[in-house]
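# Summary of the model geometry
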Amino acid sequence: MVDQIDDIARQAHQGSVAAIIQVLNDRLAETGVKTRAVCSGGVLQLLCEANRAEHLEKSDLVGRVKEILEAIAPRNIRRVRVNSRILQNQRLLWLEDIIRDPDNQLLWSEDIILRQPNPIQQFMADFKSNKNRPIAVNSTERIREERQFRRGLLIGGMSICLLLIIGGFALYQWWNSQLPEGFETQEPGVSSPQSPPLDSLSDEELFKRAVDLAQEAVALGKGADTEAQWSEIADKWGEAADLMAAVSPDYPRHATAQNRVALYRRNRDVAQEEAQKRQNN
């Protein structure tokens, strides 16, 4: 039994989502919280469910989840979005459902960044893990383990390249933000369609147009496969977030609008990451 627990912990450390879920469910069993998870756009989307809302108290649950995940230190997972809702029987397409209609699906959501162990700690943890593993008894198992090791190195290298690309893109975005107002950045002779000024729209119109754009982005995301398609999706999420941010505090659904601003911007970031991946393929 101890060997099985150690094996699950080792798989979770290697980044296995199924093993991570099992560890979380074991550690959170006493609280009545059950979890599901999927990796999407470089983010571990984690769904926490319970029969009663008081079991999903945000301040307590987020801290416990962060503590457990940092103890696991899963490879290649740093960004986590914790979503919570009352337990439902429906188990398929849950991520699509909460992206499409977060107000009716979720009690709350929270982004967390996992603290990464320093390289020495990581090396010692890997060394200890490998030391405790039984030696392969045949050449087939040795070959399989060697392939897994090489695959881990390849994934690690690709992750570093992706971080460099994202960092360069962020620097480019920052540089653009520093340009003087009115500075022309597009090619001469190319004009872009002008959206009506936000101050000319009512709060109701701003809210409705933002929701329409979000629904368009979700629909496009189901079949998106190219850099251009993901860039278009990112633009729609970004525009939807800007529209929601322009809703005035006097509007009855202002709190909902502010919640969606954060959600739409996170979805924009995910779409931008997907576009970056396609750019390098």
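Residues numbered from 1 in each chain as written. Predicted model: local features only at pLDDT ≥ 70, side-chain atom pairs only at ≥ 80, totals over all residues. Heavy atoms only, no water.

### Topic: helix α8 (residues 203-221)
Put simply, the rule is: Secondary structure elements are taken from DSSP: a helix is a run of H or I of four residues or more, a strand is a run of E of two residues or more, and numbering for both begins at the N terminus. For a helix, the expected span equals 1.5 Å multiplied by the number of residues minus one. Buried residues are those whose accessible area, probed at 1.4 Å on protein chains only, stays under 20% of the maximum for their type, while exposed residues exceed 50% and partly exposed ones sit between those limits. The directions considered for the arc are those from the helix axis to the C-beta atoms. Any two residues whose heavy atoms approach within 4.5 Å at even a single point are treated as in contact.
Across its 19 residues, α8 extends 27 Å between first and last C-alpha, which sits within 8% of the 27 Å expected from 1.5 Å per residue. Every buried residue of α8 is accounted for by D203, L206, F207, A210, V211, L213, A214, A217 and V218. The buried residues of α8 occupy an angular sector of 165° when the element is viewed end-on, so they sit on one face. Buried residues belonging to α8 abut α4 (94-100), α9 (227-245) and α10 (254-279).

### A closer look at the packing of α8 against α9
Threshold: Angles shown run from 0 to 180 degrees and are taken between the N-to-C directions of axes, each axis being a line fitted to C-alpha atoms and, for helices, limited to the stretch in contact. Roughly parallel means an angle under 35 degrees; roughly antiparallel means over 145; roughly perpendicular covers 65 to 115; every other angle is labelled oblique. For a crossing to be left-handed, the near helix must be turned anticlockwise from the far one by less than a right angle; the clockwise case is right-handed. Note on residue categories: nonpolar means Ala, Val, Leu, Ile, Met, Phe, Trp, Tyr, Cys or Pro, charged means Asp, Glu, Lys or Arg, and polar means any other residue, Gly included.
In the contact formed by α8 and α9, the axes pass within 8 Å of each other and the chain directions differ by 160°. On the basis of the axis angle, α8 is roughly antiparallel to α9. Where α8 crosses over α9, the two elements pack in a sense that is left-handed. Residue-level contacts link L206, F207, R209, A210, V211, L213, A214, E216, A217, V218, L220 and G221 of α8 to W230, E232, I233, K236, W237, E239, A240, L243 and M244 of α9. Residues belonging to the contact of α8 with α9 are distributed by class as follows: 15 nonpolar, 1 polar and 5 charged.

### Quick notes on the pattern of salt bridges
The cut-off we apply is this: Throughout this description, the term salt bridge denotes a Lys or Arg side-chain nitrogen within 4 Å of a carboxyl oxygen of Asp or Glu.
A complete count under the given rule lists 20 salt bridges for this structure. Between E54 and R52 there is a salt bridge, with the nearest N and O atoms lying 2.4 Å from each other. According to the relative accessible area criterion, R52 is partly exposed, its value standing at 47%. Among the salt bridges present, the one from D212 reaches K208, with a minimum N-O distance of 3.1 Å. Residue D212 and its partner K208 are located together in helix α8, separated by 4 residues, close to a single helical turn. Salt bridges linked by common partners bring R36, E49 and R85 together as one network.

### A closer look at the nonpolar core
Filter applied, for reference: Throughout, nonpolar core names a set of buried Ala, Val, Leu, Ile, Met, Phe, Trp, Tyr and Cys residues whose side chains join them through atoms within 4.5 Å.
Core analysis: the largest hydrophobic core is formed by 27 residues, its most contacted members being L46, C48, L61, V65, L69, V80 and V82. Looking at this core, the elements that each hand over two or more residues are α1 (2-14), α2 (17-28), β2 (43-50), α3 (58-72), β3 (79-86) and β4 (108-113). Within the second largest apolar cluster, 26 residues are counted, among which are L213, A214, L243 and A257.

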